[in-house]
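Below, each chain spelled out in residue letters.
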Amino acid sequence: MTAMTAPTVLSAEAPSLVQSVDWLAIAPVVITAAVGLVVLVADLFLAERHKPVLGWISVAGLAAATATLLPLRAGDRTTFCLTGDPAACSYVADRFTLAIQFLVLAGALVTALVSVTAVRDSRMPAGEYWFLLLSSAAGAALLPASRDLTTLIVALEVASLPAFALVGMRRGDRLSSEAALKFFLSSVTATAVSLMGVSFVYATTGSLHLTQVADRLEDVPGQLDTLAMAGVALTLVGFAFKTAAVPFHFWVPDTYVGAPLPIAGYLSVIGKAVGFTGLILVTVIAFPAYSDIWGPALAVLAALTMTLGNAAAVRQSADRPNSAVRLLAWSSVGQAGYLLVPIAAAAYSDRDQIGSTVAYALMYAAVNLGAFSVAALVARTKPLHRISDYRGLYAERPLAALSLAFFLLCLAGLPPGIIGLFAKVTVFRSAVDAGLGWLAVVMAINVVIALYYYLRWTALLFRTPEGAQTRTRAPWPVTAAVVLTAITAVVLSGAPEIILRVTTGSLFAQ
């Protein structure tokens, strides 16, 4: 008689290989990507005269994705975690993630409002434009939640690749094609360098999850130390490129000039947020063991970036074509230097300094998108984008002039732009607290230099206009974008504690 074999009983403690997906946590990214696919498919079936509806579908999708951040405001969700190590997750919806996702999705929403009119007037292919914009926004929203190097690089490229095509969307425009090519080649080179750095880090640690990388870099064998240092340095290159930090800034002026104006504004805010987010995640979470390398390097980059950006902005001639866009481009380079300061300071104190970068980024997003929205409005009658075109704007469009003046004062950090002053003081204090007195002095000097070109442009708005003024009716989507950003800047100037409440303390999941 054959003995009966007892059935195998699985241990209750054995880890399950089946992943449960927190759909609410990933909803902002999924909704944005899904609406992009809907727009792409709908474009195949819509007649040309009905194509504008694609823009409004995109606006509604971005608004819905932004609204899904509300139920996540506790910042305590994770998903796609390792079964053997539940603390190592690929997607984390903590306070840092939610703050950056709000910046990205709200910024993309403002861009979409300005783009509704631009796509129609410039006769750009609507389906491709909206699909690319939503795809880029989905990648940018995924990046702050990424907690492993693979997802981080994939999100970076999903945010970047559509942007190349968006820059060159104006068919038959030589400047647009050159800008897209320059942006593409330099970005691909930087990404290739970063991928080599990631491979070195993986070879050293045997892991791609940021928390595990951080733990294993604490005790690197002596023979692998040089490889680890090279990996850390090379990984930072791609993200430094996205932030437009010197010497990775050379693509910015030509790209902004050649791109459609809404996309230039998008790159100045969302594109920059992508770079800073990645830089924060790899330095503060993955590479704290090598803070003695990236800390001084980022401090020097911050000083060079703010100095070169402001110096180039001062040199812009008011009568030169595209001088307004070039000034905003060089201004964004200078602002990138300020944003780098708290990240460098985190190497010398604690990672809570990162809250200063997030606070500054939120302020910068609102006012810079507002400035580009006003520029899009002015460009309807004065397409040369010269600073001199804004002379006497108050007599022609009082609301637009007052809004632009307020945006420029916020960027300069002068009252009544209190939110700009608050953000600069926060960044300045982070440098002082970290013992980077020399960097604080460099920042103070650059703030004074920036006052010159911001105030020069502001004063021009209220001078007596020259010649006859041509006034056309402002499209209401562009007006809505200007009003939305202006209200946000005014509210934050009156109650800066709103941002302070979000960015103080630990932003990362414990």
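Please read all numbers here as calculations on a predicted model, not as lab measurements.

A short note on the overall build of the protein chain
1) Next: The helix and strand tally for the protein chain stands at 19 helices and two strands.
2) Next: Computed over C-alpha atoms, the radius of gyration of the protein chain comes to 23 Å, within 12% of the 24 Å expected from 2.2 N^0.38 for 510 residues, which places it in the range of a compact globule.
3) Next: Each principal axis of the C-alpha distribution contributes one length, and for the protein chain these read about 110 × 60 × 40 Å.
4) Next: Every one of the 510 residues in the protein chain was classed for burial, and the buried ones make up 58%.

Details of helix α4 (residues 126-142)
For an α-helix, the turn length of 3.6 residues means that residues three or four places apart are oriented alike.
1) Next: Here α4 is 17 residues long and its end C-alpha atoms lie 24 Å apart, about the 24 Å a rise of 1.5 Å per residue gives.
2) Next: Among the 17 residues in α4, 15 count as buried, and that is most of the element.

Some words on the side chain of T66
1) Next: Secondary-structure assignment places T66 in helix α2 (residues 52-67).
2) Next: Residue classification places T66 among the buried residues on the basis of a relative accessible area of 15%.
3) Next: Every residue in contact with T66, bar those within four places of it in the chain, is listed here: F102, L105 and A106.

Quick look at helix α1 (residues 23-45)
1) Next: At V29, α1 is bent by approximately 40 degrees, the largest bend along its length.
2) Next: Those residues of α1 not exposed but buried are A25, I26, A27, P28, V29, T32, V35, G36, V39, A42 and D43.
3) Next: Contacts from the buried residues of α1 go to α2, β1 (77-81), β2 (89-93), α3 (95-122) and α4.
4) Next: Here α1 starts with a cap whose side-chain oxygen sits 3.3 Å from the backbone nitrogen of L24, and that cap is D22.

Some words on the confidence of the model for the protein chain
1) Next: When pLDDT is averaged along the protein chain, the result is 87; 94% of the residues meet or exceed 70.
2) Next: Across residues 1-15 the pLDDT falls below 50, and counting only partners more than four positions away or on other chains, this stretch makes one contact in the model.

Some remarks on the layout of surface pockets
1) Next: One number sums up the size of the largest pocket: a volume of about 860 Å³.
2) Next: Lining the largest pocket we find 26 residues, and of these A99, F102, L103, A106 and L362 sit closest to its centre.
3) Next: The element best represented in the lining of the largest pocket is α3, accounting for nine residues.
4) Next: By residue class, the composition of the lining of the largest pocket is 19 nonpolar, four polar and three charged.
5) Next: A volume near 430 Å³ is recorded for the second largest pocket.

Some words on the environment of V154
1) Next: Note on placement: V154 falls in helix α5 (residues 149-167).
2) Next: Counting along the chain gives 261 residues from V154 to P415, while the straight-line C-alpha distance between them is 41 Å.

Some words on the state of the cysteines
1) Next: Applying the stated rule across the entire model yields one disulfide.
2) Next: Each disulfide pairs two cysteine sulfurs, and for C81 the partner residue is C89, the sulfurs being separated by 1.9 Å. When the S-S torsion is 95 degrees, as for the bridge of C81 with C89, the disulfide is right-handed.
3) Next: Take C89: its relative accessible area is 5%, and that puts it in the buried class.

Focus on the nonpolar core
1) Next: Within the largest apolar cluster, 178 residues are counted, with the highest numbers of intra-cluster contacts made by W130 and W457.
2) Next: The contact partners of W457, leaving out residues within four places of it in the chain, are A324, L327, L328, I387, Y390, L404 and L408.

Focus on the packing of helix α8 (residues 225-242) against helix α10 (residues 261-286)
1) Next: Close contact between α8 and α10 brings their axes to 7 Å; oriented N to C, the two are set at 155 degrees. The orientation of α8 with respect to α10, classified from their angle, is roughly antiparallel. Crossing of α8 over α10 shows left-handed handedness. Contact residues: T235, L236, F239, A240 and K242 in α8; G271, K272, G275, G278, L279, V282 and T283 in α10.
2) Next: Here the contact of α8 with α10 is built from residues that sort into five nonpolar, five polar and two charged.

Observations regarding the environment of V114
1) Next: In this structure, V114 sits in helix α3.
2) Next: A relative accessible area of 6% means that V114 is categorised as buried.
3) Next: Separated by 203 residues in the primary sequence, V114 and S317 place their C-alpha atoms 27 Å from one another.
4) Next: The contacts of V114, once residues within four sequence positions are left out, are P262, S373, A376, V478 and A481.

Reading guide: rules and limits
- Residues numbered from 1 in each chain as written.
- Predicted model: local features only at pLDDT ≥ 70, side-chain atom pairs only at ≥ 80, totals over all residues.
- Heavy atoms only, no water.
- Helix = DSSP H or I, 4+ residues; strand = E, 2+ residues; numbered from the N terminus.
- Rg over C-alpha atoms; globule rule 2.2 N^0.38 Å.
- Buried < 20%, exposed > 50% of the residue type's maximum accessible area, 1.4 Å probe, protein only.
- Expected span 1.5 Å × (residues − 1).
- Contact = heavy atoms within 4.5 Å.
- Bend = angle between axes of the 7 residues up to and from the residue.
- Polar contact = N/O pair within 3.5 Å; in protein donor to acceptor, adjacent residues only side chain to side chain.
- pLDDT = per-residue confidence, 0-100.
- 1 Å grid on protein atoms, 1.4 Å probe; cavity = no way out; pocket = protein on both sides within 12 Å on 5 of 7 lines; lining within 4 Å.
- Points joined across faces, edges and corners; volume = space filled by probe spheres on them.
- Nonpolar A, V, L, I, M, F, W, Y, C, P; charged D, E, K, R; others polar.
- Disulfide = S-S within 2.5 Å.
- Core = buried A, V, L, I, M, F, W, Y, C linked by side-chain atoms within 4.5 Å.
- Axes fitted to C-alpha atoms, helices over the stretch in contact; angles between N-to-C directions.
- Parallel < 35°, antiparallel > 145°, perpendicular 65-115°, else oblique.
- Left-handed = near helix turned anticlockwise from the far one by under 90°.

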